[in-house]
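Survey of secondary and tertiary structure
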Amino acid sequence: MMKSSTGKVVVLAASINALNTCFKMGAWLITGSHSLFSEMVHSMADTLNQLILAWGVHQSIKRPDPDHPYGYSNMRYVSSLISGVGIFCFGTGLSVYHGIKGLLSPQEIQSLYWAYCALGGALLTEGGTLVVAINVLKRKAKLAGVSFVDYVLRGDDPNVNVVLLEDTAAVVGIGVAGLCLAITSYTGSPTADAIGSLVIGGLLGMVATFIIYTNTNALVGRSIPPGRQDKICKELENDVVIRAIHDVKATDLGGSMVRFKAEVDFDGRSITQSYLDMVDLDVLLKDLQKIGKVEELEAFMVKHGENIIDRLGIEIDRIEAELKKRHPEVRHVDLEVL
């Protein structure tokens, strides 16, 4: 798992969030700040979720087996979906609950020195993992030939996407918590601190909703971008033995793998000519001239008809091999003869 950039980003993020959880918990116990409690819950949720993501990355690299012939690549989407639900239920729920509790039963906040120290350290570490996640996604977007924003919105790398969104929310949340603590320190009223907890809860809810939406779309069977599909179709239709293709379905299997299925109208003349180019026509003519009975003609037609069908199979194998070579992400190709 650690050999992939996705695995490295997830493990790094989990380690840093576990450390931040400890620091924020200590600062919360000292100060009693509602905003800091929300930040602690945020980091704790991120740590648990990233452990789930690490499990998903580990499962996704398992080899295909008879029960799962297309492999386990979708486990990345499954783990990311579980992570999104966890953020929504655990992170959003506790933050909103604690914010409402702070508004209804305000309590005086103690010294904020350690709170600012914890938030400052978290800002540096969360910002660092955010930069790492952005760089990884930029590199993958470039390889996929799409913009960074489109790559993120499609969720093509769901695990790094979750890290990106969680760390973005963390950096914004730290800013919100710091601002609300500063207002509380200046005014002496804990109301702003409780409101900060509600804002952080709402932020986590938006992140969780986006993660759930993008991963649900991927799991139900999402097509590859139209531009990529059109490019593959055009290349196939330019092949000399293909008249046209119909009923094209190019599905993203996750893990940068695509399944391509199409019904193909092959050019029978081109297939037959391809076979004739491989045989000695003089010998073929002599065999034809020797035919004197219907049974001999039938045997002649069966023999060469079978050879032409075999030639069709060879052409299909060639087309599939060339398609996979030009588009390495296409791992499974199903071409049906019309």
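Within each chain, residue numbers correspond to sequence positions counted from 1 in written order. Two thresholds apply to this predicted model, a pLDDT of at least 70 for residue-level local features and 80 or more for giving and counting side-chain atom pairs, whereas whole-chain, interface and lining totals are computed over all residues. As a rule here, side-chain values come from all non-hydrogen atoms in the structure, and water together with hydrogens is ignored.

Once that is clear, we can look at the packing of aromatic side chains. The aromatic pairing rule takes the rings of Phe, Tyr and Trp, using the six-membered ring of Trp, and pairs them if the centres are within 6.5 Å, calling planes under 30 degrees apart stacked, those over 60 edge-to-face and the rest tilted. Taken as a whole and judged by the stated rule, the model has one aromatic pair. Taking the centre distance of 5.0 Å and the plane angle of 55° together, the rings of tryptophan 28 and phenylalanine 37 count as tilted. Only protein chains enter the accessibility calculation, which uses a 1.4 Å probe. A residue is then buried if its area is under 20% of the maximum for its type, exposed if over 50%, and partly exposed in between. According to the relative accessible area criterion, tryptophan 28 is partly exposed, its value standing at 21%. In this structure phenylalanine 37 comes out as buried when scored by relative accessible area, which is 10%. The ring centre of tyrosine 72 lies 4.5 Å from the NZ or CZ of lysine 62, which sits over that ring. To sit over a ring, a charge needs its Lys NZ or Arg CZ within 6 Å of the ring centre and within 35 degrees of the ring normal.

Turning next to helix H3 (residues 75-104). With 30 residues, H3 ought to run about 44 Å at 1.5 Å a step, and its terminal C-alpha atoms sit 42 Å apart, in line with that. In this analysis the local bend is the angle between axes fitted, respectively, to the seven residues ending at and the seven residues starting at the residue. Under the DSSP-based scheme used, a helix requires at least four consecutive residues in state H or I and a strand at least two consecutive residues in state E, with every element numbered from the N terminus. Of all the bends in H3, the largest measures some 25° and sits at isoleucine 87. Take the number of residues in a helix, subtract one, and multiply by 1.5 Å to get its expected span.

A word on a nonpolar patch on the surface. Each patch is assembled from residues with relative accessible area greater than 30% and no salt bridge, linking like charges that lie within 9 Å and nonpolar side chains (Val, Leu, Ile, Met, Phe, Trp, Tyr) that lie within 5 Å. Each accessible area is a Shrake-Rupley estimate made with a 1.4 Å probe; only the visible protein chains count as cover when residues are assessed. Salt bridges are identified by distance alone: a Lys or Arg side-chain nitrogen within 4 Å of an Asp or Glu carboxyl oxygen. On the surface, Ile100, Leu103, Leu104, Ile195 and Val199 cluster together to form a nonpolar patch covering roughly 440 Å² of accessible area. Mapped onto the nonpolar patch, the elements with two or more residues apiece are H3 and helix H7 (191-219). In this structure, leucine 104 sits in helix H3.

Across the 10 residues of strand S3 (residues 257-266), seven count as buried, placing the element largely inside the fold. Relative to strand S4 (residues 330-337), S3 is paired through seven bridges, and the arrangement is parallel. Bridge pairing in S4 places valine 264 opposite valine 337. At least two DSSP bridges between two strands are needed for those strands to be called paired.

What follows is about the packing of H3 against H7. To get an axis, fit a line to the C-alpha atoms, keeping to the stretch in contact for a helix; angles then go from 0 to 180 degrees between the N-to-C directions. H7 packs onto H3 with a crossing angle of 160° between their chain directions and a minimal axis gap of 7 Å. Between H3 and H7, the interaxial angle falls into the category roughly antiparallel. Viewed along their axes, H3 and H7 form a crossing whose handedness is left-handed. Each residue belonging to the contact of H3 with H7 can be placed in one class, and the counts come to 18 nonpolar, 15 polar and no charged. Here is the rule for angles: anything less than 35 degrees is roughly parallel, anything more than 145 is roughly antiparallel, 65 through 115 is roughly perpendicular, and the remaining ranges are oblique. Throughout, a crossing is termed right-handed when the near helix is turned clockwise from the far one, and left-handed when it is turned anticlockwise from it by less than a right angle. Gly is put with the polar residues, along with every residue not named as nonpolar or charged; the nonpolar set is Ala, Val, Leu, Ile, Met, Phe, Trp, Tyr, Cys and Pro, and the charged set is Asp, Glu, Lys and Arg.

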